[in-house]
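# Geometric and topological summary
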Amino acid sequence: KAADRFYQLVKYKYFDGELFYRVNPGFVAQFGASDSLKRKLWEKVKVPDEKIIQGNDRGTLSFARGGKETRTTDVFINLGANNRLDTLDYNDVKGFPAFGKVIKGMSVVDSLYSGYSDNVMLDDFDLMISNQDSLLRKYPKLDKIKKAYLLK
């Protein structure tokens, strides 16, 4: 279900122009939440919670979530071995199921700007989803996805 959601998000160009708003060295690089209007459309379609089949190893992708059936548009790439996320009980749901893996270009992921760490997510999440231009004036070094596309 998570892999299909990701496929649909890429297919319908959701990630085009999205920011890597949380890059915490050795932990995660997170993206996918910087437009409240687009995000609200995707929140209407719930993604059922799933069992952990593949762990949160370095380079794997998982959806962030805040509770039961809340995996919507926020995705993180594991920058380290984060296997504690496989069993973490968070808001009555166990684990963050990985659904994919970076197979080429992990050096690019490792080079994302990490100087803001969790600050954008913790201090300015509302600004990010309401006014990206203002956010980028405050955090000018955030990296952005130019275009995400499917390979055949």
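Figured I'd write up the structure that's included with this text. (Residues numbered from 1 in each chain as written. Predicted model: local features only at pLDDT ≥ 70, side-chain atom pairs only at ≥ 80, totals over all residues. Heavy atoms only, no water.)

In terms of regular secondary structure, the chain is built from 6 helices and 8 strands. Secondary structure elements in the chain, listed N-terminal to C-terminal, are α-β-β-α-β-β-β-β-β-α-α-α-α-β. What you see for the chain is a C-alpha radius of gyration of 15 Å, in line with the 15 Å of a compact globule of 152 residues. Oriented by its inertia axes, the alpha-carbon framework of the chain measures out at about 40 × 35 × 35 Å. For the chain, with 152 residues in total, the buried portion stands at 45%. By sequence separation, contacts in the chain at least 24 residues apart represent 67% of the contacts at least 6 residues apart. Of the accessible surface of the chain, which amounts to about 8,700 Å², a share of 53% is contributed by carbon and sulfur atoms. Separation of charge centres in the chain, based on 26 positive and 20 negative side chains, amounts to 5 Å. (Helix = DSSP H or I, 4+ residues; strand = E, 2+ residues; numbered from the N terminus. Rg over C-alpha atoms; globule rule 2.2 N^0.38 Å. Buried < 20%, exposed > 50% of the residue type's maximum accessible area, 1.4 Å probe, protein only. Contact = heavy atoms within 4.5 Å. Areas by Shrake-Rupley, 256 points an atom, 1.4 Å probe, with all protein chains shown as cover. Lys, Arg positive; Asp, Glu negative; His and termini not counted. Charge placed at Lys NZ, Arg CZ, Asp CG, Glu CD.)

Okay, the layout of surface pockets next. Of the voids in this model, the largest pocket is the one considered here, and its volume is about 1,000 Å³. Every element with two or more residues in the lining of the largest pocket is listed here: α1 (2-11), β7 (98-101) and α3 (106-110). Among the elements that line the lining of the largest pocket, the one with the most residues is α1, at 4 residues. Residue classes in the lining of the largest pocket are distributed as 20 nonpolar, 2 polar and 4 charged. Lining of the second largest pocket is provided by 19 residues; of these, R22, Q30, A64, R65 and F96 occupy positions nearest its centre. In terms of residue class, the lining of the second largest pocket is made up of 11 nonpolar, 4 polar and 4 charged. (1 Å grid on protein atoms, 1.4 Å probe; cavity = no way out; pocket = protein on both sides within 12 Å on 5 of 7 lines; lining within 4 Å. Points joined across faces, edges and corners; volume = space filled by probe spheres on them. Nonpolar A, V, L, I, M, F, W, Y, C, P; charged D, E, K, R; others polar.)

This part covers α1. Among all positions in α1, only A2, R5, L9 and V10 are buried. Buried residues of α1, viewed axially, fall in a sector of 135 degrees; they line one side. Directly after α1, the chain includes K13, whose backbone phi takes a positive value near 60 degrees. (Arc of directions from axis to C-beta.)

Keep in mind that most residues, glycine aside, have a negative phi and that most peptide bonds are trans. For N91, which is not glycine, the phi dihedral falls at a positive 50 degrees. Examined against the element boundaries, N91 turns out to sit in the loop between β5 (89-90) and β6 (93-94). At D92, a position not held by glycine, the phi torsion is positive, near 70 degrees. Among the structural elements, D92 can be located in the loop between β5 and β6.

Going residue by residue along strand β4 (residues 75-78), you find V75 and I77 tucked away on one face and F76 and N78 tucked away on the opposite face as well. Of the strand pairs in this sheet, strand β3 (residues 60-63) and β4 are connected by 3 bridges, and their pairing is antiparallel. Paired with L61 across the strands is I77, a residue of β4. (Pairing = 2+ DSSP bridges.)

For the rest of this paragraph, the subject is the nonpolar core. In terms of nonpolar packing, the biggest core is built from 22 residues, with F15, F20, A29, F31, V75, I77 and V109 touching the most fellow members. At the level of secondary structure, the elements contributing two or more residues to this core comprise α1, β1 (19-24), β2 (28-31), β3, β4 and α3. Among the elements that line this core, the one with the most residues is α1, at 3 residues. Filtering out sequence-adjacent residues up to four positions away, F20 remains in contact with A29, Q30, F31, I77, L112, L142, D143 and I145. Within the second largest apolar cluster, 9 residues are counted, among which are A33, Y116, V120 and Y139. (Core = buried A, V, L, I, M, F, W, Y, C linked by side-chain atoms within 4.5 Å.)

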